[in-house]
Amino acid sequence: MMRMSTRFTWCLWPAVLTLTACVSTAKMALPESAAPAVEYTVRGANPFAWDKPLQFGRWHTTQLKDKGRLDAGLNFGKLGIDGTYHGKTISTNTGSAARCSGLLLSASKGTLAVDPAFGNLPVLSCTFSGTQQGELSLRQDHLNRLQGQLVSGNKVYDISSVHQLAGGLFSSAVPVGFHLKKQQQLYWSVEKINEGRVLLWQQGDAAEQDLLATASLILLATHFDNLLWEEPVP
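Residues numbered from 1 in each chain as written. Predicted model: local features only at pLDDT ≥ 70, side-chain atom pairs only at ≥ 80, totals over all residues. Heavy atoms only, no water.

**Structural notes on the pattern of salt bridges**
Where we set the bar: By salt bridge we mean one thing: a side-chain nitrogen of Lys or Arg within 4 Å of a carboxyl oxygen of Asp or Glu. Numbered from the N terminus, helices here are DSSP runs of H or I no shorter than four residues, and strands are runs of E no shorter than two. For every residue, the accessible area (1.4 Å probe, protein chains only) is compared with the maximum for its type, and the residue is labelled buried under 20%, exposed over 50%, or partly exposed between those bounds.
In total, this model carries 5 salt bridges according to the counting rule given. The closest approach of N and O atoms between Arg58 and Asp210, which form a salt bridge, is 3.0 Å. Residue Arg58 is found in the loop between strand 2 (55–56) and strand 3 (59–76), and its partner Asp210 is found in helix 2 (residues 206–221); the two are separated by 152 residues along the sequence. With relative accessibility at 43%, the residue Arg58 sits in the partly exposed group. Measuring nitrogen to oxygen at the nearest pair gives 3.4 Å for the salt bridge that ties Glu208 to Lys182. In this pair, Glu208 is assigned in helix 2 and Lys182 in strand 11 (residues 177–182), connecting sequence segments 26 residues apart.

Quick look at the structure:
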């Protein structure tokens, strides 16, 4: 019995090594027409621990604070209405700060549940203060795709989630990254696979970089695998 167990264990090793290699080398799909980008590796990314410091390039968080979660529900006969609110704040070394919140509503009858707002409420909404002023919001459609905008003065950046791995045959149900575009031109990309990467397709000036860096740190720190924003794993 011991010899059989040993052989079985060794037979598993190639599969384990192959899986490990796939996980460690996986990249999100990028537009074929994209120009060469400046690439930064993220250090400290952990979607299960909001208060873990994050850093890429010259940008890093100075504070990540969970403001708590509030759940509430009402029953109207067989129909139930549930809501979840979660607040978080983030500060960076460039003097930027963002106050973020998530709001989800669910109407359920038996095992069937739908969004009564039909995706019109943002699942993530952030207000920027300090050296950078602006608003960030993301909404989710029926295909789990997240889309929204970062608006600062007269600058508008469109944000869209990426669900395709490079060379992959299938799409991921949760975002593997995000593209940030300005006037339909790809500016920055944020990859959430493994520890993560940030790709700068367009440099911009220092103030614009600080703004996009704050948005990138928010996207890296938010656990989009579970949009109910469960409490972090201790």
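**Quick word on the pairing of strand 9 (residues 146–152)**
For clarity, the threshold we go by: When DSSP finds two or more bridges between a pair of strands, those strands are recorded as paired.
Here strand 9 shows one buried face, formed by Leu146, Gly148, Leu150 and Ser152, and one open face, formed by Gln147, Gln149 and Val151. Here strand 9 hands over to strand 10 (residues 155–162) after 2 residues, with Gly153 in that stretch at a positive phi of 65 degrees.

**Describing the nonpolar core**
Just so we agree on the cut-off: Buried Ala, Val, Leu, Ile, Met, Phe, Trp, Tyr and Cys residues form a nonpolar core when they are joined through side-chain atoms within 4.5 Å.
Core analysis: the biggest nonpolar cluster contains 35 residues, and Phe56, Phe128, Leu136, Leu138, Leu150 and Trp188 have the highest contact counts within it. In terms of residues, this core owes the most to one element, helix 2, which gives 9 residues. Core analysis: the next-biggest nonpolar cluster, separate from the first, contains 5 residues, Ala26, Met28, Val176 and Ile193 among them.

**Some words on the confidence of the model for the protein chain**
Using the following cut-off: Values of pLDDT, which run from 0 to 100, indicate the predictor's confidence residue by residue. Contacts are assigned to residue pairs that have any heavy atoms within 4.5 Å of one another.
For the protein chain, mean pLDDT is 76; residues scoring 70 or higher make up 65% of the total. By mean pLDDT, the top-scoring element of the protein chain is strand 10 (96), and the lowest-scoring one is helix 1 (residues 2–25) (38). Here residues 1–23 scores under 50 on pLDDT; set against residues more than four positions off or in separate chains, the count is 2 contacts. Below a pLDDT of 50 lies the segment residues 227–234, which in the model reaches 23 contacts outside its immediate sequence neighbourhood of four places, other chains included.

**Some words on the packing of aromatic side chains**
What counts is decided by this rule: Here a pair means two rings of Phe, Tyr or Trp (six-membered ring of Trp) with centres within 6.5 Å. Their orientation is stacked below 30 degrees between planes, edge-to-face above 60, and tilted elsewhere.
A full pass over the atoms with the stated rule returns 6 aromatic pairs. Here the aromatic rings of Tyr40 and Phe56 are separated by 6.3 Å at their centres, their planes lie at 50 degrees, and the arrangement is tilted. Separated by 16 residues along the polypeptide, Tyr40 in strand 1 (residues 38–41) and Phe56 in strand 2 bring together distant segments of the chain. Judged by relative accessible area, which is 25%, Tyr40 ranks as partly exposed. The class of Phe56 is buried, set by a relative accessible area of 1%. Pairing Phe56 with Trp59 gives two aromatic rings, centres 5.4 Å apart and planes at 40 degrees, and the pair type is tilted. Through successive ring pairs, a cluster of aromatic residues spans Tyr40, Phe56, Trp59 and Trp188.

**Looking at the side chain of Thr92**
With respect to the secondary-structure elements, Thr92 resides in strand 4 (residues 79–92). Residue Thr92 is classed as buried on the basis of its relative accessible area, which comes to 8%. Excluding anything up to four places from it in sequence, Thr92 contacts His60, Thr61, Thr62, Thr214 and Leu217.

**Focus on the environment of Leu180**
Within the fold, Leu180 resides in strand 11. Counting along the chain gives 24 residues from Leu180 to Val156, while the straight-line C-alpha distance between them is 9.8 Å. Those residues in contact with Leu180, other than ones at most four positions away along the chain, are Asp158, Ile159, Gln185, Leu186, Tyr187, Trp188, Val190, Leu212, Ala215 and Leu219.

**Notes on the environment of Val156**
Mapped onto the fold, Val156 is located in strand 10. A relative accessible area of 34% places Val156 in the partly exposed class. When sequence neighbours within four positions are dropped, the list of residues in contact with Val156 reads Gln149, Leu150, Val151, Lys181 and Lys182.

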